[in-house]
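# Tertiary structure, described
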Amino acid sequence: MLVLSSCFRGGNTAGKVLDAQDSIITAAKLLSMQRTPHYTLVTVGDPWKGGVLHRYVLVPRDSMLPDDLPEGTLVRTPISRALVYSSVHTSLMRELGALDAVRGVVDSQYFNDSTLAAGIKAGTIADCGNSMNPTVEKVIDMQPDAILLSPYQDASYGQIAKLDIPLIECADYLEYDPIGRAEWVKFYGELVGKRAEADSLFDAVVTAYNDVKKKAAGAQTRPTVVTEMVISGVWNVPGGQSYMARILNDAGGKYLWADDQNTGSLALDFNQVLAVAQDADYWFIKWTNINSLSDLQGANDLNKEMAAFKNKRVYVCDTDKTRFFDRIPFHPELLLREFAAIMHPELFTDYKNQMYHHID
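Just so it is clear, the model here is predicted, and its values are computed rather than measured. Numbering of residues starts from 1 in every chain and runs along the sequence as written. Local features in a predicted model are, by the rule used here, given only for residues with pLDDT of at least 70; side-chain atom pairs are given and counted only at 80 or more, and totals for whole chains, interfaces and linings are based on all residues. To obtain the side-chain values, all non-hydrogen atoms of the structure were used and water was disregarded.

### Description of the sheet that holds strand β18 (residues 282-286)
Note: strands within a sheet are paired through backbone hydrogen bonds, in either parallel or antiparallel orientation. Operational definition: One requirement defines pairing of two strands: DSSP has to find at least two bridges between them. Helix numbering and strand numbering both begin at the N terminus, where a helix is a DSSP run of H or I of at least 4 residues and a strand a DSSP run of E of at least 2.
Within the open sheet, the five strands sit side by side as β16-β13-β18-β19-β20. Their pairing is mixed. A single partner strand is all that each edge strand has here, and the edge strands are β16 (254-255) and β20 (356-359). Pairing of β18 with strand β19 (residues 314-317), which is carried by four bridges, proceeds in the parallel orientation. Following the sheet pairing, W283 is matched in β19 by V314.

### A word on the state of the cysteines
How we decide: Disulfides are defined as cysteine sulfur pairs within 2.5 Å.
In this structure the tally under the stated criterion is zero disulfides. Considering cysteine sulfurs only, C170 is the nearest to C128, which forms no disulfide, with 16 Å between them.

### Side note on the pairing of strand β4 (residues 52-60)
Pairing analysis gives six bridges linking strand β3 (residues 40-45) to β4, with the strands arranged antiparallel. Following the sheet pairing, T40 is matched in β4 by L58. Hairpin connection from β3 to β4: six residues lie between these consecutive antiparallel strands, with G50 at a positive phi of about 80 degrees. Looking at chain direction, β4 and strand β5 (residues 72-77) are connected through five bridges and run parallel. Across the sheet, L58 pairs through a bridge with V75, a residue of β5.

### With respect to the sheet that holds strand β12 (residues 167-169)
Quick reminder of the rule: Residue contacts are counted whenever heavy atoms from the two residues lie within 4.5 Å of one another. Angles here are taken between N-to-C directions and fall from 0 to 180 degrees, while the axes themselves are lines fitted to C-alpha atoms, restricted in helices to the stretch in contact.
If you walk across this open sheet you meet the five strands as β8-β7-β6-β11-β12, and the pairing is parallel. A strand with exactly one partner marks an edge of an open sheet, and here the two such strands are β8 (126-127) and β12. Taken together, the three bridges between strand β6 (residues 82-84) and strand β7 (residues 102-105) define a ladder with parallel strand orientation. The partner of A82 across the bridge, within β7, is V102. With respect to the sheet, helix α1 (residues 87-96) is in contact with β6, β7 and β11 (146-149), its orientation differing from that of β6 by roughly 130 degrees.

What follows is the structure in structure tokens.
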């Protein structure tokens, strides 16, 4: 196991230097992949400090190690015993036909896939405890050949980082371009030996996304949009350059904070949102247990002041029932089509909502 997971860390190449222009990645800003006949070099950018967060050298498991490997964490592919931190990535592995590569998880209560749940219950898939403090003994016992986790600023990963097991820092969630985030499927496909499937999936996503975007661009109107709602006194409004803002714009909407330059969320109070979005045509909310306008007013009586409330143009996504956060990262075309069909039903006459339901 130690041989298979040997690490070569550093920021420079020790052998052949690859030109960044050789990357097969076209939309993702934090990912670069260069394929050679003997290995694939993957570079993950640091979204906080710039430069390189992590570099991986992927070498087929049945090949001899080349003499001129560049520096980086060596990963023998395809991985077959992965410890995975997020159901987002296990859902993608299922779609790629590589779910059997998942041999351990953390925070098992959040994995709703029936196959994984059965495996966890039977003990064939290791439950390695809490993501913030995994049970190291269980991780060692399951003998993973890679650990897939989501990075955060100044992350150290504790004892897990000392096990000499490749840590795959899944920074896809930090991509704010919908197509760029979806393109990370190429990296994960390479890891699990599903290159062709990953490339095909990405190509299909791009085609579908652009088809919907082009259709929505032909709409006669661009309705104004507000999203989310006050929770514990704070209304987290997506920034103007955020993932959600970009999809709403591509869906033919006029996002009311479009001029803002933030890629994250803006923490506002109700009055700040009301001043900008009181007359918004549509209101989209991701939340559970909001099934009627009465429920929405019960959550905050001021909600009734919104024009979308008065005009009954409020749509709610129950993220638990729809598996929103598992489905959307690698399928932005689904969310795009949902918003476009709601705002421009005359262009999408045969579409039935899959995630957001109308409340009255």
